[in-house]
Amino acid sequence: MPIAALIASASLTSGTAYAAPTTPVGGEALGNRGLVAPQGVNKPPKTQATSYVVADVTTGEVLAAKDAHGRYLPASTLKTLTALTLIPKLDKNRTIRPSQNACNQEGSAVGLSVKARYKIDDLFKGLMMSSGNDAAMALAEVNGGLDKTMRDMNAEAKRLQAYDTVAKTPSGLDKPGQSSSAYDLALIARAGLANSEFRRYISTKVADFPAPKGKHYQISNHNKLLWRYDGMVGIKNGWTSKALGSFVGAATRGGHTIVVSIMRHEGGFWDEVAQLLDWGFSVRGKATAVGRLVDPLPAAQAAPPQAGSVPLTKVTPAVQPPLLGTAASKQTDYSKTVGMVVIGGGLLFGLVWLGFGIRRRRGGSRS
């Protein structure tokens, strides 16, 4: 069985790290902690980021990378996984009133109030445009609670083969054991770009957001490159004092899309990301790939076994107990008598036939 399939078959619990593959996902070269770049073309521009990936979304080719699988705190770039996981699960037109817990989340917020009602669609805008930690918690609660959402997010990461990613919060707020990598952020972004709703949220520049008493206020997207970079589709930036700056973004030119992900950047990274995108477009189709963004696992491999489920290798017993409450358990005395006669007759016939067969075999052995 392939390594990825073995990993996919392991049981998944909230915030539990996956066993690492024996070879780097996406190619051997991506296990290098230093710069990995193609020969015969200009080297990628320098960046202060500790880790990064430049890839062609259209083909999946990784064009350049540095410490692609290094595990770091993702900050709010983890919201890309939150959105990708929950968009298919939640009705965007459903209206909810958030809990006080959701409204009181620390860090960046879109400004939820227990006195207002919001569509799920509004919450996704607050999540991906304003990086609302309050919106992240509200979405998790609508999905059935924090624990369930963490299980769902980690299962989605596994489906994508994003094995460096361990989600412990829906917002990306720092928590011990939480991690992702530049490679995984690119994988998640690529999957998100294939979802039209995800793409709509990340590319929206400004939107009206509900407030109490039927009022609204305007929110804007935190991704500065939506205003500054030609062809920018968007995605997500993040920052905490422990994670430092992180970003994953994509742009489209000439029918091709390039994605750049960076982690642990100490300063302003917008210009450096723009330069990496420019470089990606300039070498696309000319450079030999240094790796590849892998495709998601088939659903059968990605889904963890449900509690109490019977393994596929377990054989069902040939003799089963009576089916209580069914017609088979409600036999009358007459049906029991008839059944005993039929069974007895069958046994008698079998014994006679067995004796006849033995006599024939004994006669035939003399030839």
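Sequence order as written defines residue numbering, which begins from 1 separately in each chain. Residues qualify for local features only when their pLDDT is at least 70, as the model is predicted, and side-chain atom pairs are given and counted only at 80 or more; totals for whole chains, interfaces and linings, by contrast, use all residues. With hydrogens and water excluded, all non-hydrogen atoms of the structure serve as input to the side-chain values.

### As for the packing of aromatic side chains
Aromatic rings from Phe, Tyr and Trp, taking only the six-membered ring of Trp, are treated as a pair when their centres fall within 6.5 Å; an angle between ring planes under 30 degrees marks them as stacked, one over 60 as edge-to-face, and anything in between as tilted. A full pass over the atoms with the stated rule returns 6 aromatic pairs. Seen from their ring centres, Phe-209 and Tyr-217 are 5.7 Å apart, and the 55° between their planes marks the pair as tilted. Each residue in the set Tyr-118, Phe-209 and Tyr-217 is aromatic and connected to the rest through ring pairs, giving one cluster.

### Regarding the pairing of strand β6 (residues 206–210)
Residues in a regular strand point their side chains to alternate faces of the sheet. Pairing geometry for β6 and strand β7 (residues 216–220), over 5 bridges, is antiparallel. Bridged to Val-206 within β7 is Ser-220. In textbook terms, the turn of a hairpin is the stretch between consecutive antiparallel strands, and for β6 and β7 this stretch comprises 5 residues, one of which, Lys-213, has a positive phi near 65°. Two strands pair if DSSP finds at least two bridges between them. Only runs of H or I of at least four residues qualify as helices and only runs of E of at least two qualify as strands under DSSP, and these elements are numbered from the N terminus.

### Section: the pairing of strand β9 (residues 244–253)
Partly exposed residues are those whose accessible area sits between 20% and 50% of the maximum for their type, while under 20% is buried and over 50% is exposed, using a 1.4 Å probe and protein chains only. β9 sits mainly inside the fold: 8 of its 10 residues count as buried. Pairing analysis gives 8 bridges linking strand β8 (residues 232–240) to β9, with the strands arranged antiparallel. Residue Ile-235 lies in a different strand from β9, and its bridge partner there is Gly-249. Between the antiparallel neighbours β8 and β9 lie 3 residues. Inspection of the sheet shows β9 paired to strand β10 (residues 256–265) by 8 bridges, in the antiparallel sense. Counted as the bridge partner of Val-248 is Ser-261 from β10.

### What about the environment of Val-273?
Mapping Val-273 onto the fold places it in helix α10 (residues 270–283). Here, residues are in contact when the closest pair of their heavy atoms is within 4.5 Å. Apart from residues lying up to four places away in sequence, Val-273 is in contact with Leu-225, Phe-247, Val-260 and Ile-262.

### Comments concerning the packing of helix α2 (residues 79–86) against helix α7 (residues 182–193)
A fitted line through C-alpha atoms represents every axis, and for helices the fit uses only the stretch in contact; the resulting angles, taken between N-to-C directions, go from 0 to 180 degrees. Between α2 and α7, whose axes approach to 10 Å, the crossing angle comes to 35°. Remark: the crossing between α2 and α7 carries left-handed chirality. Residues Thr-80, Leu-81 and Leu-84 of α2 lie in contact with α7, whose contacting residues are Ile-188, Ala-191 and Gly-192. As a working rule, the residues Ala, Val, Leu, Ile, Met, Phe, Trp, Tyr, Cys and Pro are called nonpolar, Asp, Glu, Lys and Arg charged, and the rest polar, with Gly in that last group. Split into classes, the residues belonging to the contact of α2 with α7 amount to 4 nonpolar, 2 polar and no charged. Helix crossings fall into two classes, left-handed where the near helix is turned counterclockwise from the far one by less than a right angle and right-handed where it is turned clockwise.

### Examining the nonpolar core
Val-53, Val-62, Phe-124 and Tyr-183 are the most contacted members of the largest nonpolar core, which has 67 residues in total. Take this core: its biggest share by element is 9 residues, from α7. Definition of nonpolar core: a set of buried residues of the types Ala, Val, Leu, Ile, Met, Phe, Trp, Tyr and Cys, connected through side-chain atoms within 4.5 Å.

### Some words on α2
α2 sits mainly inside the fold: 8 of its 8 residues count as buried. The complete set of buried residues in α2 reads Lys-79, Thr-80, Leu-81, Thr-82, Ala-83, Leu-84, Thr-85 and Leu-86.

### Observations concerning the pattern of salt bridges
Every case where a carboxyl oxygen of Asp or Glu lies within 4 Å of a side-chain nitrogen of Lys or Arg is listed as a salt bridge. In total, this model carries 11 salt bridges according to the counting rule given. Among the ionic pairs, Glu-197 bridges to Arg-200, the shortest N-O distance being 2.5 Å. Note that Glu-197 and Arg-200 are positioned in helix α8 (residues 196–203) at a spacing of 3 residues, about one turn of the helix. Overall, the relative accessible area of 28% leaves Arg-200 in the partly exposed class. With a shortest N-O distance of 2.8 Å, Arg-228 and Asp-271 are connected by a salt bridge.

### Observations regarding unusual backbone geometry
Phi is positive for Ser-131, close to 55°, though the residue is something other than glycine. Structurally, Ser-131 is set in the loop between α4 (120–128) and α5 (133–142). Positioned with a positive phi, Leu-244 is a non-glycine residue whose angle comes to about 65°. Its location among the elements puts Leu-244 in strand β9.

### Things to note about the packing of α4 against α5
Relative orientation of the contacting elements α4 and α5 amounts to 140°, with a least axis distance of 8 Å. In terms of axis orientation, α4 runs oblique to α5. Note on packing geometry: the crossing formed by α4 with α5 is left-handed. Where α4 approaches α5, its residues Ile-120, Leu-123, Phe-124, Gly-126 and Leu-127 are matched on the opposing element by Ala-135, Ala-136, Ala-138, Leu-139 and Val-142. Should an angle fall under 35 degrees it is taken as roughly parallel, and over 145 as roughly antiparallel, whereas 65 to 115 is taken as roughly perpendicular and any remaining angle as oblique.

### Considerations on the environment of Leu-86
For Leu-86, the location among the structural elements is in helix α2. Its relative accessible area of 0% is what places Leu-86 among the buried residues. With 63 residues separating them along the chain, Leu-86 and Thr-149 place their C-alpha atoms 8.3 Å apart. When near neighbours in sequence (up to four residues on either side) are disregarded, Leu-86 contacts Phe-124, Leu-139, Ala-140, Asn-143 and Thr-149.

### Brief notes about α10
Over its 14 residues, α10 extends 20 Å from the first C-alpha to the last, a length consistent with the 20 Å expected when each residue adds 1.5 Å. For α10, the complete set of buried residues consists of Trp-270, Glu-272, Val-273, Ala-274, Leu-276, Leu-277, Trp-279, Gly-280, Phe-281 and Val-283. Against the buried residues of α10 lie β2 (51–56), β3 (61–66), α9 (225–228), β8, β9 and β10. Take the number of residues in a helix, subtract one, and multiply by 1.5 Å to get its expected span.

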